[in-house]
Amino acid sequence: MAADTPIDMSLWQGRTDPEPDSDRWHQRIEPLANNAVPGCALLGFESDAGVARNQGRTGAAEGPNALRRALAPLAWHRTAPVYDAGNVRCVDDGLEAAQKTLADRLTSLLTAGHLPIVLGGGHEVAYASWLGLAQSFMPNTAPPRIGIINLDAHFDLRDPAHIRSSGTPFAQIADKCQEWDWSFRYACLGVSRAANTRALFTRAAALGTLVREDREIDALRLDSIVRDMQRFIAKCDHLYLTIDLDVLPAAEAPGVSAPAARGVSLALIEPLIEAVRDSGKLRLADLAELNPSLDIDSRTARAAARLVHLLTLDN
């Protein structure tokens, strides 16, 4: 079961500076209205049913509103509008219904010309996000070349035949692509070898996944990895970017279900995101696994807010 929750603009609060041209997000974001001028639309996914099924630490259902609070005081550097589109809430274990509701909402936003950014929620959001993007291309006769770029410590390619969870979304997408005779184009950057079994590495290789492990992403090799990603992007017409916050080190992102012992620092993640943003092909993005109940001094929420801020820079 799923439910839409009302847009709560009271979450958007912060300081107001007296100087000209000193706006912050809380002063500029607007509630989404029908026929709104195309812009960036923030849509929350209040769910951690997939995390619970995956035997993880629950609490990510509170992530969307925590991320809004962290975004509210950030400085405004956009020219195009940003809208709050409210939340889709997963009721109890009604994950599949919530995913379908979110997908349909995203399809509507995409059709209206918006760039949706989904605020999670567990990483089960990824299947819903991709489905919403896929639906926006139907009933085109030519299969779209959608590239998935996942910044994550985990492949999330576990077999969904037993149970669908936060650990299975990209396997579900691969299965759906096979069913529809679409190409499956997947890049997973920041993977931890310690956190993924040999079976998962084998499955990733069989699916032709572009893989870069956390230990490979350092300052000396960053330019080379950006070029690898750009070659991947060149073979795609549309991009879906998904960021699991557990790709960051635990010191930067303690408020996730599975904190990373190593991770990839924010300073190294940002150039990867910029390459996607500046490609001209980004259609949809989401951030997953923010768990406020496990956060320390709002570090994870602040890191997530910075990434949304980076994604939405247009000047």
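Residues numbered from 1 in each chain as written. Predicted model: local features only at pLDDT ≥ 70, side-chain atom pairs only at ≥ 80, totals over all residues. Heavy atoms only, no water.

## Observations concerning the nonpolar core
Soluble globular proteins: nonpolar side chains tend toward being buried together.
Turning to step 1, where the next piece is worked out: Formed by 56 residues in total, the largest nonpolar core has its most connected members in L42, I149, L151 and L241.
Turning to step 2, where the next piece is worked out: Ignoring any residue separated from it by four or fewer positions in sequence, one finds I149 in contact with A187, M229, F232, I233, L239, Y240, L241, T242 and V276.
Turning to step 3, where the next piece is worked out: A41, I148, I173 and W182 belong to the second largest nonpolar core, which has 45 residues in total. (Core = buried A, V, L, I, M, F, W, Y, C linked by side-chain atoms within 4.5 Å. Buried < 20%, exposed > 50% of the residue type's maximum accessible area, 1.4 Å probe, protein only. Contact = heavy atoms within 4.5 Å.)

## Focus on the packing of helix α9 (residues 266-277) against helix α10 (residues 299-311)
Turning to step 1, where the next piece is worked out: Between α9 and α10, whose axes approach to 10 Å, the crossing angle comes to 30°. By the angle class used here, α9 and α10 are roughly parallel. Handedness of the crossing formed by α9 with α10: right-handed. Contact residues: α9 offers L266, I269, E270, I273, E274 and R277, while α10 offers A303, R306, L307, L310 and L311.
Turning to step 2, where the next piece is worked out: Of the residues that constitute the contact of α9 with α10, the class distribution is seven nonpolar, no polar and four charged. (Axes fitted to C-alpha atoms, helices over the stretch in contact; angles between N-to-C directions. Helix = DSSP H or I, 4+ residues; strand = E, 2+ residues; numbered from the N terminus. Parallel < 35°, antiparallel > 145°, perpendicular 65-115°, else oblique. Left-handed = near helix turned anticlockwise from the far one by under 90°. Nonpolar A, V, L, I, M, F, W, Y, C, P; charged D, E, K, R; others polar.)

## Structural notes on the state of the cysteines
Turning to step 1, where the next piece is worked out: Scanning the model with the defined rule gives zero disulfides in all.
Turning to step 2, where the next piece is worked out: There is no disulfide at C236, and the cysteine sulfur nearest it, in C177, is 11 Å away. (Disulfide = S-S within 2.5 Å.)

## Topic: the packing of aromatic side chains
Turning to step 1, where the next piece is worked out: For the structure shown, the criterion picks out seven aromatic pairs.
Turning to step 2, where the next piece is worked out: Note on F170 and Y186: the rings are 4.8 Å apart at their centroids and 20° apart in plane angle, and the pair reads as stacked. Placement of the pair is F170 in helix α6 (residues 169-180) and Y186 in strand β7 (residues 185-191), with a sequence separation of 16 residues.
Turning to step 3, where the next piece is worked out: Residue F170 is classed as buried on the basis of its relative accessible area of 0%. (Phe/Tyr/Trp six-rings, centres within 6.5 Å; stacked < 30°, edge-to-face > 60°.)

## Considering the pairing of strand β6 (residues 146-151)
Turning to step 1, where the next piece is worked out: Here β6 lies mainly inside the structure; six of its six residues are buried.
Turning to step 2, where the next piece is worked out: Along β6, one buried face is formed by I146, I148 and N150 and the opposite face, lined by G147, I149 and L151, is buried too.
Turning to step 3, where the next piece is worked out: Of the pairings in the sheet, the one linking β6 to strand β9 (residues 238-244) comprises six bridges and is parallel in character. By the bridge assignment for β9, I148 is matched with Y240.
Turning to step 4, where the next piece is worked out: Where β6 lies against β7, five bridges are found, and the strand directions are parallel. Residue L151 lies in a different strand from β7, and its bridge partner there is L189.
Turning to step 5, where the next piece is worked out: At this point the chain moves from β6, through α6, to the parallel β7, and the crossover so formed is right-handed. (Pairing = 2+ DSSP bridges. Right-handed = clockwise from strand over helix to strand, strands pointing away.)

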